[in-house]
Each structure stands twice: as C-alpha cells, then as structure tokens.
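One letter stands for each residue in the lines below.
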Amino acid sequence: ISQVGKGATASVYVAECIPNGKIVALKTIDLESCPIEIEHLRHEVVFWSTSQSPNIVEYYGSFVDGPILYIIMEYMSAGSCYEIMRYAYKRGIQDECIIAAIIHEVLNALVYFHENRQIHRDIKAGNILINENGDIKIGDFGIAANLLENGQRKRARFTVIGTPCYMAPEVLKEEEGYTEKADVWSLGITAIELALGAAPYSNLYPLEVIVKIVNSPPPQLPDESRFSAAFKDFVK
C-alpha cells in the first residue's frame, strides 16, 4: 500500500493480505545489492518465527521472489517510540508513568529473550513499536544472537554489533565477551532516551561514542527534581 520505513538493508511497506484482508507489514530485502549473508538472514527468520511472546512483533512468514526476500510481519501502526518522540516529544516524554509503562513491556520481552538464552543486542527507542491498541512490542531481530549453540550454553558472544550509543562497554571491548547483561545496559540507555529525547552521546561521531562509553562512568539521569528517586535508581 505504501512505504513506511527504509533502513540500511531493507525497506518496510504496509500491505494487505488479499485472501483475508489483513493489514500487515512487509519487509523487503534485495539479496543481490545487500551485503547480508544468507545464513545471517536465515538465522534472523528462524529466531523470529520461533519467538512466542505478546511483547515481540509477530512473524507471519517469508518468501523469495527473484532477488527479493519478503518477510511478512505484524503491522505496528503507531510506529516506534523514536518516531513518536521525534514528532511530539523532542525533549523527552514528560510523564514518568508513560515511560514506566513502556519500559515494563520491554522488560517482559527481555525476560522472554533471556529465559530462552537469547540476546537482542539492539534495544533502543527505534525498536520499540506500538500498535493502534497501545500494545508495545520489540522488533528487529537482525542482530539477535542465540547463546545456546548445539545445546551447549555459550558463555559469551564476541561480535561488536548494534547501535553505538546503546552498546555496553563489554560489547565494545571485544576480547572480554558479553552476555544477556548487555541488553540491560541498553535498556538503561533507552530509559534515558525516553526521558530526555535523545540517547547519551547521540550528538557525537560513532568513534567518539565508543571512546566515551569505554572510558566514562555509566550515563545517569540528570539530578533534576522532575525525575523521581525510583526512576533515577532504576537507571542507575
């Protein structure tokens, strides 16, 4: 019906499923022009199709037509928290109860991921999606990783991947490896982003961001009276 998003490797459209009239989102990836390994995509689809949580965007199926891979998924009509803030809350969401409601649902998704020994690795406002009912779900599993391989729990991952501002220090120090705790760091950064309208260091170049994260204390909410002690403590 129309294009609603475009990323580095994919475009997303609103589409109608003709047999049942259902409105869905359609992610298209040009396999010829896109530098993604097929194995990487297969991993994304397998991970997604086996996820069963009310806080994860629903996967309906996928198919290839010529060089284009189509992934059919639930349409989250209200868009992402990032988009909503960009248009209406440039200085952040002022009502702490709304932030708490969003974070609560994201935590439900993370509990599901981590109980299944999986790391999302890219928790941020841009990946928190909302539908017309106000349901809050996590999307984009392009870089989600499974900590269980061949039935053996892997102690840590060693790939530097994700969006720099939200990355935990141990993700950037490749020799150390990291676990599910990396998502908890990203959640803290996302909480700050929801409150202030931007993630810490988001005005810097990626390399500067990495240097800051590795060498600075963890970002905190500013010491202002508009933030409750509970919220500041949660982020800390």
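One structure accompanies this document, and this report is about it. Remember, predicted model here, so these are calculated numbers, not experimental data.

So, on to the side chain of Asn-127. Position of Asn-127 among the secondary structure elements: in the loop between strand 7 (118-119) and strand 8 (128-130). Excluding residues that lie within four positions of it along the chain, Asn-127 makes contacts with His-120, Asp-122, Lys-137, Ile-138, Gly-139 and Asp-140.

Let's shift gears to helix 3 (residues 96-115). Its 20 residues give helix 3 an end-to-end C-alpha distance of 28 Å, which sits within 8% of 28 Å, the value for a rise of 1.5 Å per residue. Every buried residue belonging to helix 3 is among Ile-99, Ile-102, Ile-103, Val-106, Ala-109, Leu-110, Tyr-112, Phe-113 and His-114, and all of these are buried. For helix 3, the capping residue at the N-terminal end is Asp-95, with a side-chain oxygen 2.9 Å from the backbone nitrogen of Cys-97.

The pairing of strand 2 (residues 11-17) with strand 3 (residues 22-30) spans seven bridges and is antiparallel. In the strand pairing of strand 3, Val-12 is matched with Lys-27. Once strand 2 ends, the chain turns through four residues before running back antiparallel as strand 3, passing Gly-21 with a positive phi of about 75°.

In space, the five strands of this open sheet follow the order 1-2-3-5-4, with antiparallel pairing throughout. Looking at strand neighbours, the two that pair on one side only are strand 1 (2-6) and strand 4 (59-65), the edges of this open sheet. Shown here is a sheet whose adjacent strand axes are inclined to one another by a mean of 30°, direction ignored.

Sheet strands pair via backbone hydrogen bonds, and the direction of the pair is either parallel or antiparallel. Taken in spatial order, the three strands of this open sheet run 6-8-9, and their pairing is antiparallel. With one partner strand each, in any of the chains shown, strand 6 (79-80) and strand 9 (136-138) form the two edges of the open sheet. Packing against the sheet, helix 3 makes contact with strand 8 and strand 9, and its axis sits at approximately 40° to strand 9.

Where empty space is left can be seen by rolling a probe of water-molecule size over the atoms. Scanning the model with the defined rule gives one cavity of 30 Å³ or more in all. Empty space within the largest cavity amounts to approximately 70 Å³. Among the elements that make up the lining of the largest cavity, the one with the highest residue count is helix 5 (residues 181-196) (three residues). Partitioning the lining of the largest cavity into residue classes produces seven nonpolar, one polar and two charged.

Glancing now at the pattern of salt bridges. What the rule picks out here adds up to five salt bridges. The shortest N-O distance in the salt bridge between Asp-122 and Lys-124 comes to 3.8 Å. A salt bridge links Asp-223 to Lys-232, with the nearest nitrogen and oxygen atoms 3.1 Å apart.

Counting across every chain of the model gives two aromatic pairs. Ring centres 4.9 Å apart and planes at 15° place the aromatic pair Phe-63 and Tyr-70 in the stacked group. Classification of Phe-63 by relative accessible area gives partly exposed; the value is 40%. Ring geometry for Phe-227 versus Phe-231: centroids 6.1 Å apart, planes at 70°, classification edge-to-face. By relative accessible area, which is 7% here, Phe-227 ends up buried.

The next subject is the nonpolar core. Counting residues in hydrophobic clusters, the biggest one holds 39 residues, and the most contacted among them are Ile-102, Leu-194 and Phe-231. Among the elements that line this core, the one with the most residues is helix 3, at eight residues. Within the second largest apolar cluster, 15 residues are counted, among which are Leu-172, Ala-199, Tyr-201 and Val-209.

Relative to the helices and strands, Ala-198 resides in the loop between helix 5 and helix 6 (206-215). When the C-alpha atoms of Ala-198 and Gly-92 are compared, they prove to be 7.4 Å apart, with 106 residues separating the residues in sequence. Every residue in contact with Ala-198, bar those within four places of it in the chain, is listed here: Ile-192 and Glu-193.

Cut-offs and rules
- Residues numbered from 1 in each chain as written.
- Predicted model: local features only at pLDDT ≥ 70, side-chain atom pairs only at ≥ 80, totals over all residues.
- Heavy atoms only, no water.
- Helix = DSSP H or I, 4+ residues; strand = E, 2+ residues; numbered from the N terminus.
- Contact = heavy atoms within 4.5 Å.
- Expected span 1.5 Å × (residues − 1).
- Buried < 20%, exposed > 50% of the residue type's maximum accessible area, 1.4 Å probe, protein only.
- Polar contact = N/O pair within 3.5 Å; in protein donor to acceptor, adjacent residues only side chain to side chain.
- Pairing = 2+ DSSP bridges.
- Axes fitted to C-alpha atoms, helices over the stretch in contact; angles between N-to-C directions.
- 1 Å grid on protein atoms, 1.4 Å probe; cavity = no way out; pocket = protein on both sides within 12 Å on 5 of 7 lines; lining within 4 Å.
- Points joined across faces, edges and corners; volume = space filled by probe spheres on them.
- Nonpolar A, V, L, I, M, F, W, Y, C, P; charged D, E, K, R; others polar.
- Salt bridge = Lys/Arg side-chain N within 4 Å of Asp/Glu carboxyl O.
- Phe/Tyr/Trp six-rings, centres within 6.5 Å; stacked < 30°, edge-to-face > 60°.
- Core = buried A, V, L, I, M, F, W, Y, C linked by side-chain atoms within 4.5 Å.

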